[in-house]
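# Breakdown of the fold
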Amino acid sequence: MFEKLERKLVNVLLFFDLFKMKTKIPENFSGVMRTQDKRVRKLVKRAYEIPFYRKRFDEAGVKPEDIRTGDDLSKLPLLTKDELRAWMNEEAKDPKYDCWFHDTTSGSSGIPLMLLVSPKEKAYNMANWFRVMMCAGYNPFKGKTMSRKSAHSISGGSDTFLQHFGILRRGFVDQYAPEPEIVKQINAYKPDFLYMNKSEFMRICLYCKQNHVELEKPKFYCPTGEKIDDTARKLFAEILGPGIIDSYGTAETGAAMVRLFDNKEYTVHNDSFVVNIYDEKNRPAKEGNIVVTPLYKTDLPLINYAIGDRGTCEVRDGVRYITSVQGRMNDFFRYETGEVTTFFEIAPIIAHCEDILQMRFIQETYHKIHIQCVHNKAESKLSKEEVEKDMTAKLNAKFKHPFEIVYEWMDSIPPDKNGKLRMIVCKVQD
């Protein structure tokens, strides 16, 4: 009964959580890190009461009292997406979770994942998203937000009672519409804060650049769902202005850290998350796998959740800053021998190629790769044929076995059905 009431009051709980959050990046993190340590201890104590985690603790030979700080979480095993999926599917059979939210991920890494989320955790996650906006200086209560449509979007009609008074105004753009219509919708609404998937931003910005079309420049905009590379960041700045907010996280964890404007590193929301970097042996490292623990998720915790991305970090005065995010580490090319080439082995080639604005690799067979790409006409000094020859030589020098590589030049690469764009699509089965 209480959870039914909580579910109805999720928006009220959101405001209580937001009121308690720090909505500016602090200059001194000492108090924040004390809060993090306190919440880490609370989290592991609660997790040990849950059979799924008690087994993981016991197998690792760890007790809750052994974990006092965020760094101590390295004593516990990683939580993989497959393990989380199996656990959630099992827990969902229990009727006590009927009043919880059954959220589903986009499935960009393969199979969608159902996540059980309690009403109070749902509220905190939503409040944390408002915090991301406010860290950049946006006032969600007075400004106008515009986002892509989703299954939960209001498709039209009149404003809500609060919106009539200029509070929490929100519009939606039809991301499936033709580019001219999307531009028209954004220019008509004039949002202060605009957010949609990165690939959708790429599509509309490429259209504006290639057709010399003016797009309304919001004060703030946030490309979500995918890593923002330097090429995309440069294009966005040209079309949308300097107000970029790079928020990093997942549907499972929430927004764990943020990189504002022209900053070179990400700041972790340390009161609500622990973000660690582990090497291949799951030891703390300066470079390796990004592992996230949301501290607000104490009902069904996610401890040491392996997102599937790699990154680098620096620790200064006891605070970890993420200096780079390198994208998914489970994207790779396959060979008949059973060997693979990871995306990171070819990433430097792509990162230093100013001739191509956007790329997607489709491995058709063990011997053939189809590359979709967008030519950077404004800055490239090479013809498409010259780019193809140069790119093929560099890629095959990295691949363990050479591929036949064919190119498809496009004005923009359409995103997948979930609105994201997978860099590597491998059609070869194990």
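Residues numbered from 1 in each chain as written. Predicted model: local features only at pLDDT ≥ 70, side-chain atom pairs only at ≥ 80, totals over all residues. Heavy atoms only, no water.

The secondary structure content of the chain amounts to 11 helices and 19 strands. For a compact globule of 430 residues, the expected C-alpha radius of gyration is about 22 Å, and the chain comes in at 22 Å, within 12% of that figure. Referenced to the eigenvectors of the C-alpha coordinate spread, the extents of the chain come out at roughly 65 × 60 × 45 Å. Taken over 430 residues, the chain has a buried fraction of 51%. (Helix = DSSP H or I, 4+ residues; strand = E, 2+ residues; numbered from the N terminus. Rg over C-alpha atoms; globule rule 2.2 N^0.38 Å. Buried < 20%, exposed > 50% of the residue type's maximum accessible area, 1.4 Å probe, protein only.)

Here the focus is the sheet that holds strand E6 (residues 220-224). Sheet strands associate in pairs through backbone hydrogen bonding, adopting either a parallel or an antiparallel arrangement. Across the sheet, 4 strands lie side by side as E4-E3-E5-E6; this open sheet has parallel pairing. Taken across any chain shown, the strands that pair with only one partner, and hence form the sheet edges, are strand E4 (169-173) and E6. This sheet shows a mean twist of 15° between the axes of neighbouring strands, independent of strand direction. For strand E5 (residues 193-197) and E6, the ladder comprises 5 bridges, and the chain directions are parallel. Bridge pairing in E6 places leucine 194 opposite tyrosine 221. Here helix H7 (residues 179-189) sits on the sheet in contact with strand E3 (144-148), E4 and E5, set at roughly 165° to E4. (Pairing = 2+ DSSP bridges. Axes fitted to C-alpha atoms, helices over the stretch in contact; angles between N-to-C directions. Contact = heavy atoms within 4.5 Å.)

As a further point, take unusual backbone geometry. Peptide bonds are mostly trans, and most non-glycine residues show a negative phi. The backbone of lysine 190 shows a phi angle near 55°, a positive value even though the residue is not glycine. In this model, histidine 212 sits at a positive phi of 55°, which is unusual for a non-glycine residue. Tracing the chain through its elements places histidine 212 in the loop between helix H8 (198-211) and E6.

Right, let's get into the side chain of glutamate 200. Residue position: glutamate 200 is located in helix H8. At 2.7 Å, the side chain of glutamate 200 forms a polar contact with the side chain of arginine 148. (Polar contact = N/O pair within 3.5 Å; in protein donor to acceptor, adjacent residues only side chain to side chain.)

Right, let's get into the pattern of salt bridges. Scanning the model with the defined rule gives 24 salt bridges in all. In this structure, the salt-bridge partner of glutamate 314 is arginine 316, at a minimum N-O distance of 3.0 Å. Here glutamate 314 falls in the partly exposed class, since its relative accessible area comes to 41%. Note that lysine 427 and glutamate 364 form a salt bridge whose closest N and O atoms lie 3.5 Å from each other. One end of the pair, lysine 427, is in the segment after strand E19 (424-426); the other, glutamate 364, is in the loop between strand E16 (356-363) and strand E17 (368-375), with 63 residues separating them in the sequence. Judged by relative accessible area, lysine 427 falls into the partly exposed class, the value being 48%. Salt bridges here are not isolated pairs; linked through shared partners, they connect Glu265, Glu314 and Arg316. (Salt bridge = Lys/Arg side-chain N within 4 Å of Asp/Glu carboxyl O.)

Moving on, we get to the packing of aromatic side chains. What the rule picks out here adds up to 22 aromatic pairs. Judged by centre distance (5.4 Å) and plane angle (65°), the ring pair of tyrosine 48 and phenylalanine 57 falls under edge-to-face. There is no split in this pair, since tyrosine 48 and phenylalanine 57 are both buried. With a centroid separation of 6.0 Å and 55° between ring planes, the pair formed by phenylalanine 201 and tyrosine 221 is classed as tilted. (Phe/Tyr/Trp six-rings, centres within 6.5 Å; stacked < 30°, edge-to-face > 60°.)

A few words on the packing of H7 against H8. Describing two packed helices takes the angle between their axes plus the distance from one axis to the other. At their nearest, the axes of H7 and H8 sit 10 Å apart, and the two run at 95° to each other. Comparing their axes, H8 and H7 come out roughly perpendicular. Mapping the contact onto sequence places Glu179, Pro180, Ile182 and Val183 in H7 and Arg203, Ile204, Tyr207 and Cys208 in H8. When grouped by side-chain class, the residues that make up the contact of H7 with H8 number 6 nonpolar, no polar and 2 charged. (Parallel < 35°, antiparallel > 145°, perpendicular 65-115°, else oblique. Nonpolar A, V, L, I, M, F, W, Y, C, P; charged D, E, K, R; others polar.)

Counting all residues, the mean pLDDT for the chain is 89, and 91% of those residues have values of 70 or more. Here residues 151-158 is modelled with pLDDT under 50, and outside its nearest four sequence neighbours on either side it reaches 4 contacts, counting other chains as well. (pLDDT = per-residue confidence, 0-100.)

We now examine the sheet that holds strand E9 (residues 267-268). Strand order across the open sheet formed by 3 strands is E7-E8-E9, with antiparallel pairing between neighbours. Only two strands of the sheet have a single partner each, and these edge strands are strand E7 (245-250) and E9. As paired elements, E7 and strand E8 (residues 254-260) share 6 bridges and run antiparallel to each other. Looking at the pairing, isoleucine 245 lines up with leucine 260 of E8.

Moving on: a nonpolar patch on the surface. Together, Leu9, Val12 and Phe16 make up an exposed nonpolar region whose accessible area comes to about 280 Å². Take leucine 9: it is sitting in the loop between helix H1 (2-8) and helix H2 (10-20). With relative accessibility at 36%, the residue leucine 9 sits in the partly exposed group. (Patch = residues over 30% accessible without salt bridge, like charges linked within 9 Å, V, L, I, M, F, W, Y side chains within 5 Å. Areas by Shrake-Rupley, 256 points an atom, 1.4 Å probe, with all protein chains shown as cover.)

The terminal C-alpha atoms of helix H6 (residues 119-135) lie 24 Å apart, and with 17 residues this matches the ideal 24 Å at 1.5 Å per residue to within 8%. The element H6 is extensively covered by neighbouring structure, given that 12 of its 17 residues are classed as buried. Just past H6, the residue glycine 137 takes up positive phi, approximately 110°. (Expected span 1.5 Å × (residues − 1).)

Right, let's talk about a positive patch on the surface for a bit. On the surface, a cluster of positive charge is contributed by Lys20, Lys38, Arg39 and Lys42. The greatest single-element share of the positive patch, amounting to 3 residues, is contributed by helix H3 (residues 30-47). (Lys, Arg positive; Asp, Glu negative; His and termini not counted. Charge placed at Lys NZ, Arg CZ, Asp CG, Glu CD.)

Residues Phe57, Leu84, Phe193, Ile245 and Ile322 are the most contacted members of the largest nonpolar core, which totals 70 residues. Among residues more than four places away in sequence, those in contact with isoleucine 322 are Met257, Glu265, Tyr266, Val268, Val275, Ile277, Thr312 and Cys313. Listed in part, the 29 residues of the second largest apolar core include Tyr207, Ile239, Val374 and Ile413. (Core = buried A, V, L, I, M, F, W, Y, C linked by side-chain atoms within 4.5 Å.)

Our next topic: the packing of H8 against helix H9 (residues 230-240). Between H8 and H9, whose axes approach to 10 Å, the crossing angle comes to 55°. In terms of axis orientation, H8 runs oblique to H9. H9 is crossed by H8, and the crossing has left-handed handedness. Residues Lys198, Phe201, Met202, Cys205, Leu206, Cys208 and Lys209 of H8 touch H9, and the partners they reach there are Ala232, Leu235, Phe236, Glu238, Ile239 and Leu240. In terms of residue class, the contact of H8 with H9 is made up of 10 nonpolar, no polar and 3 charged. (Left-handed = near helix turned anticlockwise from the far one by under 90°.)

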